[in-house]
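# Descriptive analysis of the structure
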Amino acid sequence: WSLADPAAFWDALFDFAGVIADRGGAVLEDGHRMPGARWFPGTRLNFAENLLRGPDAEPALVFCNERGTRRELSWRALRADVARIAAGLRDAGVGPGDCVAGFLPNLPETVVAMLATASLGATWTSCSPDFGIQGVLDRFGQVAPKVLFTAASYAYGGKRFDGLGRVAGILGQIPAIERVVVVPYLDAPTPAAVAAVPRAVALAEFVAPYAPAPLEFEPVPFD
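Residues numbered from 1 in each chain as written. Predicted model: local features only at pLDDT ≥ 70, side-chain atom pairs only at ≥ 80, totals over all residues. Heavy atoms only, no water.

## Some remarks on the nonpolar core
Core analysis: the largest hydrophobic core is formed by 33 residues, its most contacted members being Leu78, Ile85, Leu89, Phe149 and Phe206. Ignoring sequence-local partners within four residues, the contact set of Leu78 consists of Leu52, Ala60, Leu61, Leu73, Val112 and Leu115. Among the nonpolar cores identified, the runner-up in size contains 19 residues, and Phe103, Val136, Ile170 and Val180 belong to it. (Core = buried A, V, L, I, M, F, W, Y, C linked by side-chain atoms within 4.5 Å. Buried < 20%, exposed > 50% of the residue type's maximum accessible area, 1.4 Å probe, protein only. Contact = heavy atoms within 4.5 Å.)

Have a look at this one:
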């Protein structure tokens, strides 16, 4: 059925999955073209809104690292954290058409920043902190992020690494980055370490002005 009548199949699956969206128009245009087919061209939705609809008290994220650290966030806590970072990004001028980058390990804060970015209708991109400067420039330089999230430190293979040493070099070659948000991981960054990075602010300071509030989601085209 999915091959014989793809429009009917994906229309049914869209409803069955309970996707939150403003449905409109056709399911599929130019379905015979590859590339060139357009799915749900009149539909608008928000990726983060669909990902953040879990029940308040149940676990949304469970994080474990190689050092044995374990953290758990409920859906309620995740939504609250996303709302605060989204408020900070909104006040930093981030909106549809903008890009936010994460130079981060796999942390809860990485997921939170991605969801906050998506809630505003902006685009998220990321790479691991063990990338060299040229690899980061190759990836982030293409999309000119407005805000960069980076970890103060991280662990890999039993060793501790500084996460801020390469950021100044990255900033010097991607002038579009207006703000750097430093995420604590193995330890909290010192004020001096944050101040040494141009346009940087610690995550706690970035979200300090904002109390948890109901999330607002910017609908964007399906594609």
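Let us keep going from here.
## A short note on the pattern of salt bridges
Under the definition given, this model contains 9 salt bridges. The closest approach of N and O atoms between Asp11 and Arg23, which form a salt bridge, is 2.5 Å. Taken as a pair, Asp11 in helix α1 (residues 6–16) and Arg23 in the loop between β1 (21–22) and β2 (28–29) lie far apart in primary sequence, 12 residues in all. Relative accessible area serves as the criterion here: at 26%, Asp11 is assigned to the partly exposed category. Among the residues examined, Arg23 registers a relative accessible area of 33% and is labelled partly exposed. (Salt bridge = Lys/Arg side-chain N within 4 Å of Asp/Glu carboxyl O. Helix = DSSP H or I, 4+ residues; strand = E, 2+ residues; numbered from the N terminus.)

## Regarding the side chain of Ser74
Structurally, Ser74 is set in strand β6 (residues 70–74). For Ser74, the side chain forms a polar contact with the main-chain nitrogen of Ala77, separated by 3.1 Å. Contact partners of Ser74, with chain neighbours within four places excluded, come to Asp56, Ala57, Glu58, Pro59 and Ala60. (Polar contact = N/O pair within 3.5 Å; in protein donor to acceptor, adjacent residues only side chain to side chain.)

## Here we look at the layout of surface pockets
In this structure, the largest pocket spans a volume of roughly 340 Å³. For the largest pocket, the lining is made up of 17 residues, of which Leu104, Pro105, Asn106, Ser128 and Pro129 are closest to its centre. Put simply, the parts of the chain that give the lining of the largest pocket at least two residues each are β5 (59–64), β8 (123–127) and β10 (153–156). At 3 residues, the largest contribution of residues to the lining of the largest pocket is made by β10. Partitioned by chemical class, the residues of the lining of the largest pocket number 10 nonpolar, 5 polar and 2 charged. In this structure, the second largest pocket occupies an estimated 200 Å³ of space. Leu45, Asn46, Phe47, Met114, Ala118, Gly121, Ala122, Trp124, Val220, Pro221, Phe222 and Asp223 together form the lining of the second largest pocket. Secondary-structure elements contributing two or more residues to the lining of the second largest pocket are α4 (108–119) and β14 (220–221). (1 Å grid on protein atoms, 1.4 Å probe; cavity = no way out; pocket = protein on both sides within 12 Å on 5 of 7 lines; lining within 4 Å. Points joined across faces, edges and corners; volume = space filled by probe spheres on them. Nonpolar A, V, L, I, M, F, W, Y, C, P; charged D, E, K, R; others polar.)

## Re the packing of aromatic side chains
The final tally for this structure, using the stated rule, is 9 aromatic pairs. An angle of 85° between the planes, with centres 5.5 Å apart, marks the rings of Trp1 and Phe9 as edge-to-face. A ring pair is formed by Phe9 and Trp10, whose centres lie 5.0 Å apart and whose planes are at 90°; its orientation type is edge-to-face. The class of Phe9 is partly exposed, set by a relative accessible area of 23%. (Phe/Tyr/Trp six-rings, centres within 6.5 Å; stacked < 30°, edge-to-face > 60°.)

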